[in-house]
Amino acid sequence: MRISDASPISPAGARIAAAAALVLLLCVPLVVRDIYRLDLGITVLIWASLATAWNISGGFAGGLSLGHAAFFGVGAYTSTLLFLRLGITPWIGIFAGAVLAAMLGALLGVITFRLKGPFFVLATLAFGIVVHIINVNWRGLTRGAAGLLLPFRGGPQNMLFLNLWAYWYTGLGLLVLTVGVSMGIERSRLGYYLVALREDEDAARSLGVRVVRSKVIAAAVSAALAACAGSVYAAFIQYIDPDSTTQFELSVQIALVAIVGGMGTTFGPVLGAAIVIPLGEMLRARLGGGAALVVYGFLLMVIVLTAPNGAIAGVRLLVRRLRRLIDSRRKADA
Amino acid sequence: MQLVLQIVANGLLIGGLYALLAVGLTLIFGVLRVVNFAHAEFMMLGMYGAYWLWSIYGLDPYVSVFLITPVVFLLGVAVDRLVVQRSIGKPDVTVVFATLGLSILLQNAALTLWRADIRSVSTFATGSVFVVGGVRLSVAMTVSFAAALLFALGLWFFLTRTMYGKAIQAVAQNRRAAALMGIDVKRVYLFTYSVAVAAAGAMGVLVAPIFTIFPRVGQTHIVTIFVIVVLGGLGSVPGAVVAALLVGIIRAGAGFLIGTAWGELAYFAVFLLVLIVRPQGFFGRRGAEVYGG
C-alpha cells in the first residue's frame, strides 16, 4: 500500500471515531430487542475479531494464510475440553487456548517464513488440513465428527449466559481486544517492520529489520487472537464439531472477510465482517446455501480483481471527497 | 508378494489419474505463475457432462469424452479471458483468491443446479477387471491410466519438439524476453490454460464409470494434487508424473497399513516437510519457490 493510500483521518481523529463507534456498539442491546438481529450481531463481532486476527499476519505481514481455521479450532476445543473434562472455566480456558495456538502459530511461522506467494499459501493450507484430519480422527479427545456439546452449567462464571446481550458484550470485549492489539501493532515498530517486509523483504532485511523474529511474532499473535475468537464462539454456540471449526472453507471465509473489508488496515476486516456476514445470512435466507456461496465466490473474484484494497478504500475515498467538499464550501463562505 | 504387487498396481493406476490433473496444474503454474485452485472443478464438470450425456442420451463416456473435452476447452478459454489473465501481474492476493473464488463459484453452481445427490454412471467398464499375472486391474482405471500417460507423453513431445511448444517453454522461462522475441504471450497463456483444464475435464469423463459424482468431488482431490505438484516441483511436467505415481503408491500402501485417514495425514506431513526442506520439489528448478512474478 502506498503512502497516499493511507487513512485520510489523523490518528487522533481515528481514536475519536473508534471511541464513538464503541459507545454506539455498547448501546446496541438497549436498542435492538429482536433476538435474530442481536444473534446476527454477535456473529458479526466474532467474525470481525477473527478477520482482524488473520489480518495481523495476512494483511500487515503479507502472509496469506489459508489455514487460520486451525487456530480458531484450537481455541474452541481447548477451552471447551478444559471445561468438560476438568471443569476449568472458559474464562481461563480462553487463555490456555490462546497460548497453545500462539505456540502452534510460532511453529508454523518458523517453518514457513522463507516461503513466498503460492508456496506460503499451500503450506498454511496443508497445515490447516493436518489439524482438521487430526480433529476428525482423534476421537478419544475430540469425539470426531460427533462434536462436543457444552452443557449449560453454572452461568456467567463459565461464560455461559441466559441472555443474548451478555454474549453481545463478551463478543464486543473480544473485538476491543483484537482491534486494540491490531492498532497497537500497526503503530508500533513491529508494525512498520511487517509492512516493510511485505513490500520488499530484501530491502527491509538490508536495513536491519529482523525478518524471522518479526514474522514469527506476527504469526503467534494472530494465531492467539484467532483462538480467543474460537473460545468465545464455542461458548456462544455451545456446540462445536470439526466442520464448524477447522474446515478448509472456514479458513477461506476468514481470509475473504478481511480481503473484502480491506486487508492491511486495522478497521478493514471489521468493515468486512459487517458487510459479508449479514449479506451471507440474507443470501442464504433468500436463495439457499448453494446459491449464496455462488454469490460469495463471485464477490471474492470481483473484489480481488477490481478492488484488491477492499471496501475500506472506498470509504476513505468518500471521506476525502466529503472533506474537499466541506473545505471548498468553507472557502466560498469566507 | 501377490498382495504387495496388487497394492502397487492399484497405487500406480490411481497415481496415473492424479498425473492427468497434476500435469495440467503444474503446466499452468510454470507458464502463467498462477496456482489454479479451480483445477479440479473442471474435472467435476467433466464428470457431470459424462453423467448427463449417459443418462439422457445413453452415450458411453468413452464416446462422450470426444464431445465434452472440446467444451471444457472452450470453457477454459472463457475463464482464462475473464478471470485468470486479469489476475496476472497483480498482487499475490489477487492471483490466489481469483481462482479460489472461481472454485467456490463453480462448486456451488453445480450444487445449486444439480443438487448434492450422489450420482454414478454404470457402463460395461464399471466393476469389470482383467487379470495380469495374478494382479486384478480395473478396466476403467487402466483406460484412464493409459490416457494420462498418452497425454503426458504427447505434451512432452509437443513442448520439446514443436515450435509452439518451445514458445511456451520460452514464456515459462522469461515472459518479457519471450514477448521481445515476438511470442504472443497472452495467446500462450490462453492456450496453456485451456489445454490444461481440458485435460482435467477429460479425466473427469474417463473416471465417471468408477467414481461417484457429486458437486464437491473436485475438492476431495485438489489437495492431493497440490501435494503432488509441490513434491514434483511446481512447474515441472516430468516431476508431476513421477510424484503422482509415487503419491498413488504411498496412498494405497498407507491406506492398507494404517488406514485411509492416518495415511492422508502421513503424506501431508511429508508435504509440509518437503515445502520446508526443499520447496523447489524433487524436479523443480532451484529458486522457483522465490520467483515473484
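Residues numbered from 1 in each chain as written. Chains lettered and ligands numbered in written order. Predicted model: local features only at pLDDT ≥ 70, side-chain atom pairs only at ≥ 80, totals over all residues. Heavy atoms only, no water.

1. Some points on the overall build of chain A
Condition: For the purposes of this entry, the term helix denotes a DSSP run of H or I that reaches at least four residues, the term strand denotes a run of E that reaches at least two, and both are numbered from the N terminus. Here the globule rule is a power law, 2.2 Å times the number of residues to the power 0.38, and the radius of gyration is based on C-alpha atoms. Relative accessibility under 20% of the residue-type maximum defines a buried residue, over 50% an exposed one, and the middle range a partly exposed one, all with a 1.4 Å probe and only protein chains included.
Helix and strand counts for chain A come out as 15 helices and 2 strands. For a compact globule of 334 residues, the expected C-alpha radius of gyration is about 20 Å, and chain A comes in at 20 Å, within 12% of that figure. Across its three principal directions, the C-alpha atoms of chain A cover 70 × 55 × 40 Å. Sorting the 334 residues of chain A into buried and exposed places 54% on the buried side.

2. What about the nonpolar core?
Worth spelling out the cut-off: Note on terminology: a nonpolar core comprises buried Ala, Val, Leu, Ile, Met, Phe, Trp, Tyr and Cys residues joined through side-chain atoms within 4.5 Å. Two residues qualify as a contact provided that any one of their heavy atoms is within 4.5 Å of a heavy atom in the partner residue.
The biggest cluster of nonpolar side chains holds 206 residues, and the ones touching the most others in it are Leu66 of chain A together with Phe37, Phe97 and Phe268 of chain B. Leave out the neighbours within four places in its chain, and Phe37 of chain B touches Leu66, Val121, Leu122 and Leu125 of chain A together with Val96, Thr99, Leu100, Ser103, Ile222 and Phe226 of chain B.

3. Focus: a nonpolar patch on the surface
Put simply, the rule is: Here, patches come from residues exposed beyond 30% relative accessible area and free of salt bridges, joined within 9 Å for like charges and within 5 Å for nonpolar side chains (Val, Leu, Ile, Met, Phe, Trp, Tyr). Using a 1.4 Å probe, accessible areas were evaluated by the Shrake-Rupley method; residue-level cover was limited to the displayed protein chains. What counts as a salt bridge is simple: a side-chain nitrogen of Lys or Arg found within 4 Å of a carboxyl oxygen of Asp or Glu.
Together, Ile134 and Trp138 of chain A together with Leu3, Phe256, Leu257, Ile258 and Trp262 of chain B line one region of the surface with nonpolar side chains, adding up to about 740 Å² of accessible area. For the nonpolar patch, the element with the most residues is helix α10 (residues 237-258) of chain B, which contributes 3 residues. Note that Leu257 of chain B resides in helix α10. On the basis of relative accessibility, which here comes to 68%, the residue Leu257 of chain B falls in the exposed class.

4. What to know about the environment of Thr99 of chain B
Residues and elements named next belong to chain B. Along the chain, the position of Thr99 falls in helix α4 (residues 92-114). Between the C-alpha atom of Thr99 and that of Val185, which follows or precedes it by 86 residues, the distance is 20 Å. Beyond its immediate chain neighbours, meaning those up to four positions away, Thr99 contacts Val34, Val35, Asn36, Phe37, Ala38 and Val84.

5. Overview of the packing of helix α13 (residues 268-287) of chain A against helix α15 (residues 311-333) of chain A
Axes are the key here: two packed helices are described by the angle between their axes and the distance separating the axes. All names here are of chain A. Stated formally: A fitted line through C-alpha atoms serves as each axis, taken over the contacting stretch for helices, and the angle formed by two N-to-C directions is quoted from 0 to 180°. Roughly parallel refers to an angle under 35 degrees, roughly antiparallel to one over 145, roughly perpendicular to one between 65 and 115, and oblique to any angle outside these ranges.
Where α13 meets α15, the axes come as close as 9 Å, and the angle between the chain directions of the two elements is 105°. Between α13 and α15, the crossing angle belongs to the class labelled roughly perpendicular. Across from Gly268, Leu271 and Ile275 in α13, the residues of α15 making contact are Ala311, Ile312 and Val315.

6. Some details on the interface of chain B and chain A
Selection criterion: Put simply, buried area is the surface a 1.4 Å probe can reach on two separate parts but cannot reach once they are joined, added for both. In the analysis that follows, any N or O atom pair within 3.5 Å is treated as a polar contact, provided that within protein one partner can donate a hydrogen and the other can accept it, and provided that, for residues neighboring in sequence, both atoms belong to side chains.
Contacts between chain B and chain A engage 42 residues on the former and 39 residues on the latter. Of the roughly 3,600 Å² buried between chain B and chain A, counting both surfaces, carbon and sulfur atoms make up 82%. The largest per-residue losses of area from chain B upon contact with chain A belong to Phe97, Leu272 and Ile276 of chain B, which jointly make up 16% of the total buried on that side. There are 1 salt bridge connecting chain B and chain A. Where Arg216 of chain B meets Glu249 of chain A, a salt bridge forms, and the shortest distance between an N and an O atom there is 2.9 Å. Our count for the chain B to chain A interface comes out at 4 residue pairs in polar contact (both at pLDDT 80 or more). Counting residues per element, the ones that place at least two in the side of chain B that touches chain A are α3 (61-87), α4, α9 (217-232) and α11 (260-277) of chain B.

7. Here we look at the confidence of the model for chain A
The criterion, for reference: Residue-level confidence of the predictor is summarised by pLDDT, bounded by 0 at the bottom and 100 at the top.
For chain A, the average pLDDT comes to 86, and 97% of its residues sit at 70 or higher. When pLDDT is averaged over each helix and strand of chain A, the minimum, 80, is found for helix α1 (residues 11-31) of chain A and the maximum, 93, for helix α3 (residues 69-86) of chain A.

8. Brief notes about the pattern of salt bridges
All names here are of chain A. The tally for this structure, following the rule as stated, stands at 6 salt bridges over all chains. Measuring nitrogen to oxygen at the nearest pair gives 3.3 Å for the salt bridge that ties Arg205 to Glu201. Here Arg205 pairs with Glu201, and both are found in helix α9 (residues 201-206), just 4 residues apart, close to one helical turn. Judged by relative accessible area, Arg205 falls into the partly exposed class, the value being 44%. Sharing partners across several salt bridges, the network here consists of Glu201, Arg205 and Lys215.

9. Looking at the environment of Gly134 of chain B
Residue and element names in this part refer to chain B. Mapping Gly134 onto the fold places it in the loop between β1 (129-132) and β2 (135-138). For the pair Gly134 and Gln2, spaced 132 residues apart in the sequence, the C-alpha separation amounts to 7.2 Å. If sequence neighbours within four positions are ignored, Gly134 has contacts with Gln2 and Gln6.

10. Points about the pairing of β2 of chain B
All names here are of chain B. Let me state the cut-off plainly: Strands qualify as paired when DSSP identifies two bridges or more between them.
Both β1 and β2 contribute to a ladder of 4 bridges, which runs antiparallel. Among the inter-strand pairings, Val129 is bridged to a residue of β2, identified as Ser138. Taken together, β1 and the strand that follows it, β2, pair antiparallel across an intervening segment of 2 residues, in which Gly133 is found at a positive phi of about 55°.

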